[in-house]
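Remarks on the overall topology
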Amino acid sequence: MKKYIIQASVLALSAMALTGCDDFLDTMPDNRATLNNEEKITKMLVSAYPDNEYIYVAELMSDNTDDIGGPQNPYTHRWAEEIYAWKEETETRNSSTERFWSASYGCIAAANEVLQALDKIGELSPTLKECKGEALLCRAYNHFMLANMFCQAYTKNAASHLGLPYMEACESELIPQYERGNLADFYGKIEKDLIEGLKLIGDSHYSVPKYHFNVSAAYAFAARFYLYTENWGEVVKMANRVFGSDPRPMLRDWKALGSLALDHDIVSNAFVNASSNANLLLHTAVSEAGLIYGGGYSGGTLACRFNHCSYTSENEDMEATNIFGGSTEFYLRPASYSASNYNKVVWFKLPYMMEYVDIVAQTGYFRTVYPAFTSEELLLNRAEAYVMLKEYDKAAADLTTWMQNMTKSTKVLTPQVVSDFYNKAKYCYSDGAGIESALKKHLNPAFEIDDEGSIQENMLQCVLGFRRLETIHFGLRWFDVKRYGIEIPRRQMNAQGRPVLKTDVLTKDDPRRAIQIPLRVRDAGLEANPR
């Protein structure tokens, strides 16, 4: 089996059980392990979590990234240039879209192996019932993330958009043929697995629950699923299953993080600590994201030309004047780095470590750990659902809880306070050239919202702004850009770090919002995304 990066601890199982990560939709070797007891099945489920991440590609494609210096910047990388410009990638890296595609379908294959084995066992022990729930949730989650990367955002017209192959069984054919179907049917299958998985999931057999779909992570996934499918009432129900009557004990201790030395290793490792109630599900991945969004001048050519720069930070997010004040209000201050052809402002959220292939030669792969689901994101997802249900007081209470936890502000947000603030704020790109930043973005979702300047629109601006801060460096902003039809200009920054040239615009209905299917998969016969 050809797999770029693989953990030694699961090598044997993966070699026997997974589809070849680079050969998915080309070959499917029928060389699988016999899964006939709890130990083998729980070990196989380790392979149902992706070893390649989406976060760096999603950050590059979003409005969290700008072009520092343009083509004159000598510290650049062709792959990053292509992703930033919403082009089809012509080469691969550990963070590439092809690797993510292969890793995700490999995880789905592992989940299907477990489900097939459990069907053969028959009567299931309590532990195996929980394993079945985990396998169903992993299958649903990996399909869900593939859809968010390679399909258009879900809308009520999803039946008119292309879906992806939904793998519900182990393959035995050498070169199986797949149809993409439509996005509505694809999401329907995700929901079916999700609902069945929620009935079975439990934490009793996990040694480290935070690296598996524990109960809280499962309901957080359900809340995000229903948010993205516009089922607002279900979002609230799912979030309430995690929070109970009070979300505050589940939130991150930002004050404690802010008291640490502002050192990348110290802060980032504290951020992803499995003991934190806020980290509901943690993933490890082969990735340079911890370097790119790390301290100092790390990250090499990938970090130099395309990054979250000071202009965006000062005018749109981290260092902008917000409803709670400025960046001095954060318990954990952003870290800023600037030099010739280099400019970035980051929070130390992503650690990096080396997985050595050759200790003597000091060669290997960079890895990171990132939270796939957090309590804070879940809280803001519930706030958005309340806004869409027009339960504005409840939404304002959730926004206040998030704000007072992440910042030193004691302000209490009400619908009127939020509306007054955002009515005074400017929209981005309102200048003649369409490149200057401000706090708000024009929203163009496929679902109906009230007019600009309304309480609902202002509350949504607050939710989206807070979630942008909460999830920066984790890629989730890209999904909000897709869901809300936020248009993004591609801007070239000058030596002073200000935008001087617009090179492209991603419009609200731009087909490039769905990443192109990897070339090797298209060559195997799968339909391409429209361009």
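Structure shown above.
First things first, this report covers the structure right here in the doc.

Okay, the sheet that holds strand E2 (residues 279-286) next. The sheet built from three strands is open, its strands ordered E2-E7-E6 with antiparallel pairing. At either margin of the open sheet sits one strand with a lone partner, and together these are E2 and strand E6 (353-358). Shown here is a sheet whose adjacent strand axes are inclined to one another by a mean of 30°, direction ignored.

This paragraph deals with helix H19 (residues 476-483). Along an α-helix, residues three or four apart share an orientation, since each turn contains 3.6 residues. Where burial is concerned, most of H19 is hidden: eight out of the eight residues are buried. Among the residues making up H19, those that are buried are Leu476, Arg477, Trp478, Phe479, Asp480, Val481, Lys482 and Arg483. In the segment just after H19, Gly485 is the residue with positive phi, at about 55°.

Next up on the list: the packing of helix H18 (residues 455-471) against H19. Across the interface, H18 lies against H19 with an axial gap of 8 Å and an inter-helix angle of 155°. It follows from the interaxial angle that H18 and H19 lie roughly antiparallel. Residues Leu464, Arg467, Arg468 and Thr471 of H18 pack against Leu476, Arg477, Asp480 and Arg483 of H19. For the contact of H18 with H19, the per-class residue count stands at two nonpolar, one polar and five charged.

Turning our eyes to something else, we now look at the environment of Ala303. For Ala303, the position within the fold is in helix H13 (residues 300-304). Excluding residues that lie within four positions of it along the chain, Ala303 makes contacts with Ile292, Ser298 and Tyr342.

Of note in this structure, Lys390 is not a glycine but carries a positive phi near 60°. Here Lys390 shows up in the loop between helix H15 (375-388) and helix H16 (392-406). Judged by its relative accessible area of 45%, Lys390 falls in the partly exposed class. For His473, which is not glycine, the phi torsion reads 80° and is therefore positive. Looking at the element boundaries, His473 is found in the loop between H18 and H19. On the basis of relative accessibility, which here comes to 1%, the residue His473 falls in the buried class.

Note on soluble globular proteins: their nonpolar side chains tend to be buried together. Counting residues in each nonpolar core, the largest one holds 157 residues, and the members touching the most others are Tyr54, Phe213, Phe221 and Phe466. For this core, the element with the highest residue contribution is helix H6 (residues 126-150), accounting for 14 residues. The residues touching Phe221, leaving out its near neighbours within four places in the chain, are Leu137, Ala140, Tyr141, Phe144, Leu194, Phe213 and Phe373.

Here H15 contains 14 residues, and its C-alpha end-to-end distance of 20 Å stays within 8% of the 20 Å for a straight helix at 1.5 Å per residue. The first or second residue beyond H15 is Lys390, which carries a positive phi of 60°.

In this section: the pattern of salt bridges. The final tally for this structure, using the stated rule, is 33 salt bridges. Across the pair Lys132 and Glu196 runs a salt bridge whose closest N-O atoms are separated by 3.8 Å. Remark: Glu196 occurs in helix H7 (residues 183-200) and Lys132 occurs in helix H6; sequence separation between them is 64 residues. Judged by its relative accessible area of 27%, Glu196 is partly exposed. Here Arg382 makes a salt bridge to Asp398, at a shortest N to O gap of 2.8 Å. With Arg382 in helix H15 and Asp398 in helix H16, the pair connects residues that are 16 residues apart, well separated along the chain.

Looking now at the state of the cysteines. Using the criterion set out here, one finds zero disulfides in the structure. Here Cys304 stays free of any disulfide, with the sulfur of Cys309 as its closest cysteine sulfur at 13 Å. With no disulfide of its own, Cys309 lies closest to Cys428 among cysteine sulfurs, the gap being 12 Å. Residue classification places Cys309 among the buried residues on the basis of a relative accessible area of 2%.

Attention now moves to the packing of aromatic side chains. What the rule picks out here adds up to 35 aromatic pairs. The interplanar angle of 65° and the centroid separation of 5.2 Å between the aromatic rings of Phe324 and Phe330 together place this pair among those described as edge-to-face. The residues Phe324 and Phe330 share a single accessibility class, namely buried. One residue, Arg252, lies across the ring of Phe271, its end atom 3.7 Å from the ring centre. It is Lys440 that lies over the ring of Tyr427; its NZ or CZ is 4.0 Å from the centre.

Next up on the list: the pairing of strand E7 (residues 363-374). Here seven bridges tie E2 to E7, and the two strands are oriented antiparallel to one another. Of the residues in E7, the one forming a bridge with Thr284 is Val369. Across five bridges, the pairing between E6 and E7 is antiparallel. Note on E7: the bridge partner recorded for Tyr356 is Gly364.

Spatial strand order, E3-E1-E8-E9: four strands in an open sheet with mixed pairing. Each having just a single partner strand, strand E3 (306-307) and strand E9 (499-506) make up the two edges of the open sheet.

Further remarks concern the packing of helix H2 (residues 38-45) against helix H5 (residues 97-121). Direction vectors running N to C along H2 and H5 enclose 160°, while the axes themselves pass 9 Å from each other. Considering their axes alone, H2 and H5 lie roughly antiparallel with respect to each other. Helix-helix and strand crossings are classified by hand; for H2 and H5 the assignment is left-handed. Judged by residue contacts, Ile41, Met44 and Leu45 of H2 engage Ala110, Val114, Leu118 and Ile121 from H5. Looking at the contact of H2 with H5 residue by residue, the class counts come to seven nonpolar, no polar and no charged.

This part is about the side chain of Glu89. With respect to the helices and strands, the residue Glu89 is situated in the loop between helix H4 (78-84) and H5. For the buried Glu89, which has no salt bridge, the nearest side chain bearing the opposite charge is Arg99, at an N-O separation of 7.8 Å. From its side chain, Glu89 meets the backbone nitrogen of Glu98 in a polar contact 3.0 Å long. Once residues lying within four places of it in the same chain are set aside, the contact partners of Glu89 are Trp79, Glu82, Ile83, Ser96, Thr97 and Glu98.

Calculation notes
- All residue numbers refer to positions counted from 1 along the written sequence of the respective chain.
- In keeping with the predicted nature of the model, local features appear solely for residues at pLDDT of at least 70, side-chain atom pairs appear and are counted solely at 80 or more, and the whole-chain, interface and lining totals rest on all residues.
- Calculated side-chain values reflect all of the structure's heavy atoms, with hydrogen atoms and water omitted.
- When DSSP finds two or more bridges between two strands, those strands count as paired.
- Secondary structure counts use DSSP, requiring at least four H or I residues in a row for a helix and at least two E residues in a row for a strand, with both numbered from the N terminus.
- As a rule, the C-alpha atoms of each element are fitted with a line to give its axis, helices using only the stretch in contact, and angles between N-to-C directions run from 0 to 180 degrees.
- When a residue's accessible area, from a 1.4 Å probe over protein chains only, is under 20% of the maximum for its type it is buried; when over 50% it is exposed; and in between it is partly exposed.
- Under this scheme an angle from 65 to 115 degrees is roughly perpendicular, one under 35 degrees roughly parallel, and one over 145 degrees roughly antiparallel; angles in between are oblique.
- What makes two residues a contact is simply this: any of their non-hydrogen atoms within 4.5 Å.
- For this classification, Asp, Glu, Lys and Arg are treated as charged, while Ala, Val, Leu, Ile, Met, Phe, Trp, Tyr, Cys and Pro are nonpolar and the rest, including Gly, are polar.
- We call a set of buried Ala, Val, Leu, Ile, Met, Phe, Trp, Tyr and Cys residues a nonpolar core when their side-chain atoms join them within 4.5 Å.
- Take the residue count of a helix, subtract one, and multiply by 1.5 Å to get its expected span.
- Between Lys or Arg on one side and Asp or Glu on the other, a salt bridge is scored when a side-chain nitrogen of the former is within 4 Å of a carboxyl oxygen of the latter.
- Counting rule for disulfides: a pair of cysteine sulfur atoms within 2.5 Å.
- Two rings from Phe, Tyr or Trp (for Trp, the six-membered ring) form a pair when their centres sit within 6.5 Å of each other. Planes less than 30 degrees apart are called stacked, planes more than 60 degrees apart edge-to-face, and all others tilted.
- As a reminder, the over-ring test applies to NZ of lysine and CZ of arginine, requiring each to be within 6 Å of the ring centre and within 35 degrees of the ring normal.
- In this scheme, a crossing is called left-handed if the near helix is turned counterclockwise away from the far one by less than a right angle; it is called right-handed if the turn is clockwise.
- The charge count includes Lys and Arg as positive and Asp and Glu as negative, but it does not include His or the ends of the chains.
- Polar contact criterion, stated in full: a pair of N or O atoms within 3.5 Å, where within protein one must be able to donate a hydrogen and the other to accept it, and residues adjacent in sequence count only if both atoms are side-chain atoms.

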